[in-house]
Every structure is written in C-alpha cells, then in structure tokens.
Amino acid sequence: SGQCIRGHFCEEGTVDPEPCPIGSRMPARGAPSNESCIPCAPGQYQPLTGQSDCLTCPAGSFSPDIGLAACDPCPRGGYCEDAGAATRMVWEPCPAGSFNPTTGSDSSAACESCPAGTASATQGAKNSDKCAPCRPGTVAATAGLSECASCGGGTYQNDTGATGCRA
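All of these numbers come straight from a predicted model, not from anything done at the bench.

**A few points about the overall build of the chain**
Part 1 of the reasoning: For the chain, the helix and strand inventory stands at 0 helices and 16 strands.
Part 2 of the reasoning: Its C-alpha atoms give the chain a radius of gyration of 26 Å, clearly above 15 Å, the size a compact globule of 167 residues would have.
Part 3 of the reasoning: C-alpha extents for the chain along the principal axes are approximately 90 × 15 × 15 Å.
Part 4 of the reasoning: The 167 residues of the chain split such that 31% are buried.
Part 5 of the reasoning: For the chain, the share of sequence-separated contacts (at least 6 apart) that also reach a separation of at least 24 residues comes to 43%.

**Regarding the side chain of serine 33**
Part 1 of the reasoning: Looking at where serine 33 falls in the secondary structure, it is placed in the loop between β3 (24-25) and β4 (38-39).
Part 2 of the reasoning: On the accessibility criterion, serine 33 (17% relative accessible area) is buried.
Part 3 of the reasoning: Once residues within four sequence positions are removed from consideration, serine 33 is found in contact with Phe9 and Glu11.

**Focus: the environment of glycine 60**
Part 1 of the reasoning: By the element assignment, glycine 60 lies in the loop between β6 (55-56) and β7 (61-62).
Part 2 of the reasoning: Considered as a pair, glycine 60 and alanine 141 are 81 residues apart in the sequence and their alpha carbons are 32 Å apart.
Part 3 of the reasoning: The contacts of glycine 60, once residues within four sequence positions are left out, are Asp72, Pro73, Cys74, Cys80, Gly104, Ser105 and Asp106.

**Let's talk about the nonpolar core**
Part 1 of the reasoning: Core analysis: the largest hydrophobic core is formed by 5 residues, namely Phe9, Cys20, Met26, Ala31 and Cys37.
Part 2 of the reasoning: Discounting chain neighbours no more than four positions away, the residues touching cysteine 37 are Phe9, Cys20, Pro21, Ser24, Arg25 and Met26.

**Some thoughts on a positive patch on the surface**
Part 1 of the reasoning: Positive charge collects at one region of the surface, where Arg76, Arg88, Lys126 and Lys130 lie side by side.
Part 2 of the reasoning: Under the relative-accessibility criterion, lysine 126 is labelled partly exposed at 40%.

**Observations concerning the pattern of salt bridges**
Pairs can form between side chains of opposite charge once their charged atoms are near each other.
Part 1 of the reasoning: Per the stated rule, a full pass over the model turns up 1 salt bridge.
Part 2 of the reasoning: With a shortest N-O distance of 2.6 Å, aspartate 159 and arginine 166 are connected by a salt bridge.
Part 3 of the reasoning: Accessibility expressed as a relative area gives 34% for arginine 166, which makes it partly exposed.

**Thoughts on the state of the cysteines**
Part 1 of the reasoning: In total, this model carries 9 disulfides according to the counting rule given.
Part 2 of the reasoning: Each sulfur in the disulfide pair cysteine 20 and cysteine 37 lies 2.0 Å from the other. Across the S-S bond linking cysteine 20 and cysteine 37, the dihedral sits near -80°, which makes this disulfide left-handed. Remark: cysteine 37 occurs in the loop between β3 and β4 and cysteine 20 occurs in the loop between β2 (18-19) and β3; sequence separation between them is 17 residues. Per residue, the accessibility class of cysteine 20 equals that of cysteine 37, and both read buried.
Part 3 of the reasoning: A disulfide bridge connects cysteine 134 with cysteine 148, and the sulfur atoms are separated by 2.0 Å. Between cysteine 134 and cysteine 148, the S-S dihedral sits near -85°, and the bridge is therefore left-handed. Taken together, the positions of cysteine 134 in the loop between β14 (132-133) and β15 (138-139) and cysteine 148 in the loop between β15 and β16 (149-150) put the pair 14 residues apart, joining distant regions of the chain.
Part 4 of the reasoning: Judged by relative accessible area, cysteine 134 falls into the buried class, the value being 0%.

**Looking at the side chain of threonine 138**
Part 1 of the reasoning: Mapped onto the fold, threonine 138 is located in strand β15.
Part 2 of the reasoning: At a separation of 2.7 Å, a polar atom in the side chain of threonine 138 contacts the main-chain carbonyl oxygen of arginine 135.
Part 3 of the reasoning: Setting aside chain neighbours within four positions, we find threonine 138 in contact with Cys148, Ala149, Ser150, Cys151, Gln157 and Ala162.

Definitions and cut-offs
Residues numbered from 1 in each chain as written. Predicted model: local features only at pLDDT ≥ 70, side-chain atom pairs only at ≥ 80, totals over all residues. Heavy atoms only, no water. Helix = DSSP H or I, 4+ residues; strand = E, 2+ residues; numbered from the N terminus. Rg over C-alpha atoms; globule rule 2.2 N^0.38 Å. Buried < 20%, exposed > 50% of the residue type's maximum accessible area, 1.4 Å probe, protein only. Contact = heavy atoms within 4.5 Å. Core = buried A, V, L, I, M, F, W, Y, C linked by side-chain atoms within 4.5 Å. Patch = residues over 30% accessible without salt bridge, like charges linked within 9 Å, V, L, I, M, F, W, Y side chains within 5 Å. Areas by Shrake-Rupley, 256 points an atom, 1.4 Å probe, with all protein chains shown as cover. Salt bridge = Lys/Arg side-chain N within 4 Å of Asp/Glu carboxyl O. Lys, Arg positive; Asp, Glu negative; His and termini not counted. Charge placed at Lys NZ, Arg CZ, Asp CG, Glu CD. Disulfide = S-S within 2.5 Å. Polar contact = N/O pair within 3.5 Å; in protein donor to acceptor, adjacent residues only side chain to side chain.

Pasting the structure below:
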C-alpha cells in the first residue's frame, strides 16, 4: 500500500501499479490514471513502459510529434548536428562536391567527397551518381569539387574524367 510509484499509475481499487505506456513518462508518485502519464515532447522519446523520464533524441535524429517511442533518422544527403531536434528542419545538406548515402548522420564528416576527375554542383546529394566525370577540355585535379575547371591556354585534355591538362 502507499502512493503509486513513479512511471506508473494506480486507478481506484487497483492491486498493482500499471506502467505508463511507451512514449510517455510519469515523474511524480501517486498518478491516479493512464491520462496522468505525460507524453514525451517533440525532440524526445521513450521506448520502454513505466518510465519517469523521456530521453532526448541523439544527434543524427529527430522526433516531430508528442508521445513517440523512437526518433527518426535524419535523411540521406546531409546530417543533423543537434541533439533533441523536434523537426527535420535542423537537417544540413552536404555541400556541392560531396554526397552522403546513409541516414542518421550527425556531422559533416559523413559527407563523402566526389573523386578527383568528377564534380557535382548538387547540394544534399544522396549518392555518387551526382559526381559527373569532367568532360573533355575540363579537369578536376582534387576530390570534392563543385565544378570542373577549363584547361588553360596552351593546354588540352581530350579524355573524360581527367585530373590534369596536357601541354
């Protein structure tokens, strides 16, 4: 007997405390009903029943609604640096010249550079398909470029996907 324990509710005449459902919390003792359980706020989640607190979504994820059991991974093509995000608006696209094929990334380190000899003007690219080989007459000497450079006067390049001009 006594007050109902945290993370649970005890309706009138109950024998055992009932756990609050997933996606909710009960930080205080003595909750009288299921309606007393507090849904997790956006940016938080709770995968277990009977908990006194909600968890913060880690960087690389977000939860847009109340009462969620899990956070959604940030989309491919970019990253989400901040923990506790309540919206995918925190998503940052990978810069031009790079791409990110994985979901749930939490930093710009997840953005992979287009290889030398290719370039991409696309921000937020999801895969290397956007890294186009430089056309003849242009080159990309290093990885991660947003555009191919023209060969200067007195030089040429007749190959596709080149990293240097010929004299």
